[in-house]
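Geometric and topological summary
Below are the chains, spelled out letter by letter.
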Amino acid sequence: MRLAYTVVVFLLLCISAAVAATDALVPAAAEKFEVFHNEAAEFVQRGELQVFDDGTAQYQSIGLQAPLRLSDTSAIAQDDSYTVVMRSLNSSAQFVASVKKCRLNSDQKVEETFVIHTFENGNVFHIDYDAGSSANCQNDHTETKPVTFTRVLLKKRALGPVPKLNAAPAIDMSTGREQQPEPPKSFLAKYWYYIVPIVLLLMIGGEEPQQEGNTRRQ
Amino acid sequence: MHFLVQTVLAVLLLGCCLQSVYGLFPDEAGRIDWYRAQIGVPTKLIPHTANDTSLLYASTQRNVVAALRVDDGQIAWRHVLDEPIRTLLVRDERVLTQSGANESHVRVWDAAGGSLSWQVSVPGAGRAAAFVRGSSDVIAVAGDTLVRLTPESSSPVWELGLNNTAVYQRIVIHDDSVFVIGDAPATRKRKRRLHVVQVEASTGVVQLQYDTAEEVALRGGSVVALETRDYGAYLVWREPKNILWYVHRLGMTSPMWEIYHAKLVEVELMPPEMLSSTISEVDIDPGLKNTARFTLTYEKDSKTKTVVVEMFRDGDRLEMRKIASFLAPGRLVAAGPEHTVVAARSAESGATWRIRGSEKHSGDFVYARSSYGDVVRTALTFVNGQPHVVVQTASGLLAALQPGSDAPVWSRNEALAHAADMALLELLPPASSAEHAAQETDPSVQPSAVARFVLRWLAAARALGNWAASGFGIAGTHRPALGPTDGDHFGFRKLAVFGSATGAVTAVGSQDGAHAWSHHLAVGRAPVRIEHVFVARSGHVLGDAAPVVVAVGRGRNSTVVAAFDALTGNVLSQDVLPFVYVRAFELPATDSASGLRVLGLVVDGSEPRLAVWPATSDAVDAVCAFGSPLFFELGDTAGSTAVRGYRIECSSPREPQLPARLEWEFALPAGERLVSAARYENGAQHTALQGRVLGDRRVLYKYLNPHLGMLATQHEQGIGVYVIDRVSGRLLHSAVHEYASVSRAHPFLATLSENRVIYQFWQGLPEGYVTAVIELFESDRPDTRDERTVVSSSDLRVPSVHSAAFVSPGAATALGTTRTGSSITTRDVLFGLASGKLLALPDALLDPRRPMRAPTKDEQAEGLMEYAAPLPLDPRRVLSHQHMVAGIRHVVSEPTHLESTAVVAAFGLDVFFTRTSPSGGFDQLAPSFSKANLVITTLALAAGCLLGAPMVRRKLTNRAWA
């Protein structure tokens, strides 16, 4: 009965630890953005982009029913550009990026790529955007296709390289000369503390079975 | 018959082997570099004789204190200081300098040898300094403190806090009294005035302080401080609305002043001239004389006149007299010992100088004023008892003149010490005599290539005949005179055209530094600050129109663009444009009318616009006809927080200034400000190899983008580095260097070469200069590349980045890379070091892919070495060998006609030119190569063929009959 109780408690503890570990694995969102695309002279929300503090990001499309619209867009050039606006929900940050509209003139599906540049702590400081292809600007198609596939690349600002210096050589204070490395030890000198107990064990143990065998032979 | 045919064929074959042979003349042997030590444009010139050595001491705008030999103008000694020099004084056998903006460095140098006798640094900006007569001590004003410094101690003998309501900029010492004179600003109750503090020199105790000379300022041209040996020190000034001179003996407050009328000195002076006149000090050692002199400058009948006034005492009476007068602007007067005074004036044709005093001399220094500008400073020196007048012009020319000779005894062109840009122009080799003959016949008609070939052979035959007629003398001893505008067949000789901040455009030969021509650019009398030099038209083909270089600079609220015939220096055009440009660059278009490369000048404003030069409709059309859109960026200057990219728009109808549309904006992260920006310079983006061949024969493709740019920012944590595409504004790579910083003492330097960004910065922990390299590849995976045939900056290409950092070989002041004709030769990275060395390190040393362990066989095959942090300062790689090239600010490389060899120039304060072959001279014959052996072997083989052919033929015939 006591054994069963112990097993149950142990299992409960394991489950609690697993749940806690799972919670700890879920990354926290460092920054969340609403993504607006300019469609027919207005900016309509098409997705949400979350950047997590573990260096990952997630883009989620928004349904077409009653999407949000960006109100003040007068300062954003819209002439022959296809522009996206990313508005942070955590701060007042807003990133505007654009490509030529003709890049989306394609009879095939159009892909877009966000390159999110973040600080070491995951905060976003710059966004690059690409959609379609420059080859489409030479096409005869004039119809701008909607973007159907979104790719997000996350680039964290790297820690710049530093010179990798070798350790300074040790100086013998008595002579002022560089200390010479110690000569390599022999196998026995290196591992004597493993070998000696084994040898002792072998020497001390192993007498009784031999006697038994001798008796049987008799 | 057969033998005859064979002989003729053999002779023809040998004839085909004959070629023009180009070689070195004896005086060219071993000359691959030249070096010129400069001092910069002087701010002060003081002639002085110490220990029977006459030297001309100078402090310059390049923070140099130097002594020039008066007989030949060579540098006797010089020291390059880190901070601007505020004071230069020479007394007895000592030279005193005071320099520094935040800290006052007082240094005393040995006048003859230039060795530093002693120095003391005290907090506060250096404002004034003076020797204490009869002592080694110096009294100086540093900030608002008066100090007495002595060589015996690093601490001042005494310190005195001065009244901080005045700015003290003048020290006059007489007997044991120190008079410190400062400008006291106007208050509600008092007018602007001078404040005088009299201090006992031995103790630093204030004896007297008072105000005097109302409504004048020390540097306003209306007051002078005069020192005399025996009868005191004086202030002479004129109040703004007064025609009288006030003469105040320092330390005497009753009476405070005496009045003197300038008309007693210069009779023609009338009140209007007196009211607009200025007075200036003349630097004379008070120990040498007992009179004080100053100059009076005034305008009469639209002409500027300068009068040298001498003040003296006649018993108790104060007297003044005119020593000399000249029609000359500004302060052009110098004085020598006793009563010798010299003045010089500029005229359209040149300068006239005149010496007055114990000996009277006068003369003209005939020079083209357009070449060197006005005379701005003079000094009087004596060589073997003969007076020499040293004249300094606005562009930086120093010339020594002597009586009875129009030509200068010596001259130094210090404009090169202020060079902001340089263009290297390809030169044609001197035309052969045949081509000369063809041109002389009819210069307008150019012979065809075949005709030139025939003419050349005829000329060679004539030369052969002449040689035979001369009795087969030793050929090659006569060296044709090659000027700085003559090229050579290897492309080593080029014309280096420098543009200086002093307004000088100077052309010198790259081979030996020979002066070709100079021109002084000015708007009115104000020199143009030249910032760019472009080659607008190169003259590669014989008979083409002359090559043209264009200098672009800033005038006062204007932009000046001047075009020169590169070979003669003749000004083809000089346009003063009514705007201030913020960026100048070459456009990929040519003006059809003039054949000149079109330049773009960005005019900043709420909406930037692009002005093209030449300002013709043809040039604008040529720019708009270019196949691809054109871009430029703004805001990439130090202190900026955002960089913006613009696309040039071509509206219809065309406007003289093309509008530009904002394409992108790269806002720096909050808290960061730009400290440096870099882009490809001088064709550094060219490459011959699209990838790196790895040891296993696979290829790692380079990320090649001619629009690569780099931005460096400073923030609290360190330095941010951003690699961007300058057309799309996309960020390709970013990194942060912690504990790094940028300052005036530790500048950030960067250069771009092929797919690499190389930069140097100061790191605080561990302390030292670091050279970092970023190398961009298309992909991390070998044999993976962008398959698009047309690659555009507008297409997203995310490069794979390798980076590494090394310990710099020293504090660099300029970075660059070598460049060869086809970029096949490996590049050397050039470091212009603060120590005056020009170091060339192979780019393999800066390879970020160097392994951190012993390289594998594949890595060895690729040429990778094991990583080692320190970049070696290998003396064998110091291109400048024994020369100390001081103050390097620019390192430029240009290809020659040999793929192996590049011309390298380093300039800043000094100028140094050399040639280098980063991969060795693989396309040149080694000096040990025996041409005679080659000829003998060829002849022997030909003879063997001739002899062996009949035998072989006979053998074949016999075999056929057998």
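Report on the accompanying structure. Just so it is clear, the model here is predicted, and its values are computed rather than measured.

**Some points on the pairing of strand β2 (residues 42-50) of chain B**
Residues and elements named next belong to chain B.
- Judged from the eight bridges that link them, β2 and strand β3 (residues 53-60) form a sheet pairing that is antiparallel. Bridge pairing links Lys-44 to Ser-59 in β3.
- A loop of two residues connects β2 with β3, the two strands running antiparallel in sequence, and Asn-51 in this loop sits at a positive phi of about 50°.

**What about the state of the cysteines?**
Residues and elements named next belong to chain B.
- By the definition in use, this model includes two disulfides over all chains.
- Here Cys-624 engages in a disulfide with Cys-650; their sulfurs sit 2.1 Å apart. Looking down the S-S bond of the Cys-624 and Cys-650 bridge, the torsion is -95°, so its handedness is left-handed. One end of the pair, Cys-624, is in helix α6 (residues 617-624); the other, Cys-650, is in the loop between β48 (642-648) and β49 (657-667), with 26 residues separating them in the sequence.
- Relative accessible area serves as the criterion here: at 18%, Cys-624 is assigned to the buried category.

**Section: the interface of chain B and chain A**
- Contacts between the two partners involve 36 residues from chain B and, on the opposite side, 28 residues from chain A.
- Between chain B and chain A, a total of about 2,400 Å² is buried, with carbon and sulfur atoms accounting for 57% of that surface.
- By the criterion of area lost to chain A, the three top residues of chain B are B:Leu731, B:Val736 and B:Leu796, representing 20% of everything that side buries.
- Counting across the interface, chain B meets chain A through three salt bridges.

**Overview of the pattern of salt bridges**
- Summed over the entire model, instances satisfying the criterion amount to 53 salt bridges over all chains.
- The salt bridge partner of B:Arg661 is B:Glu663, with a shortest N-O separation of 2.9 Å.
- Classification of B:Glu663 as partly exposed rests on a relative accessible area of 26%.
- Through salt bridges with shared partners, a single network forms among A:Arg103, A:Asp130, B:Arg730, B:Glu778, B:Asp786, B:Arg788, B:Asp795 and B:Arg797.

**Observations regarding the sheet that holds β48(B)**
Residue and element names in this part refer to chain B.
- If you walk across this open sheet you meet the six strands as β44-β45-β46-β49-β48-β47, and the pairing is antiparallel. Where the open sheet ends on each side, the last strands, each with one partner, are β44 (581-590) and β47 (631-634). Across this sheet, the average inter-strand angle for adjacent strands is 35°, counted without regard to direction.
- Where strand β46 (residues 609-613) lies against β49, three bridges are found, and the strand directions are antiparallel. Paired with Ala-611 across the bridge in β49 is Gln-657.
- Across the sheet, α6 lies against β44, β45 (597-603), β46 and β49, angled at about 80° from β44, the strand it touches most.

Criteria and thresholds
Residues numbered from 1 in each chain as written. Chains lettered and ligands numbered in written order. Predicted model: local features only at pLDDT ≥ 70, side-chain atom pairs only at ≥ 80, totals over all residues. Heavy atoms only, no water. Pairing = 2+ DSSP bridges. Helix = DSSP H or I, 4+ residues; strand = E, 2+ residues; numbered from the N terminus. Disulfide = S-S within 2.5 Å. Buried < 20%, exposed > 50% of the residue type's maximum accessible area, 1.4 Å probe, protein only. Contact = heavy atoms within 4.5 Å. Buried area = accessible area lost by both parts, 1.4 Å probe. Salt bridge = Lys/Arg side-chain N within 4 Å of Asp/Glu carboxyl O. Axes fitted to C-alpha atoms, helices over the stretch in contact; angles between N-to-C directions.

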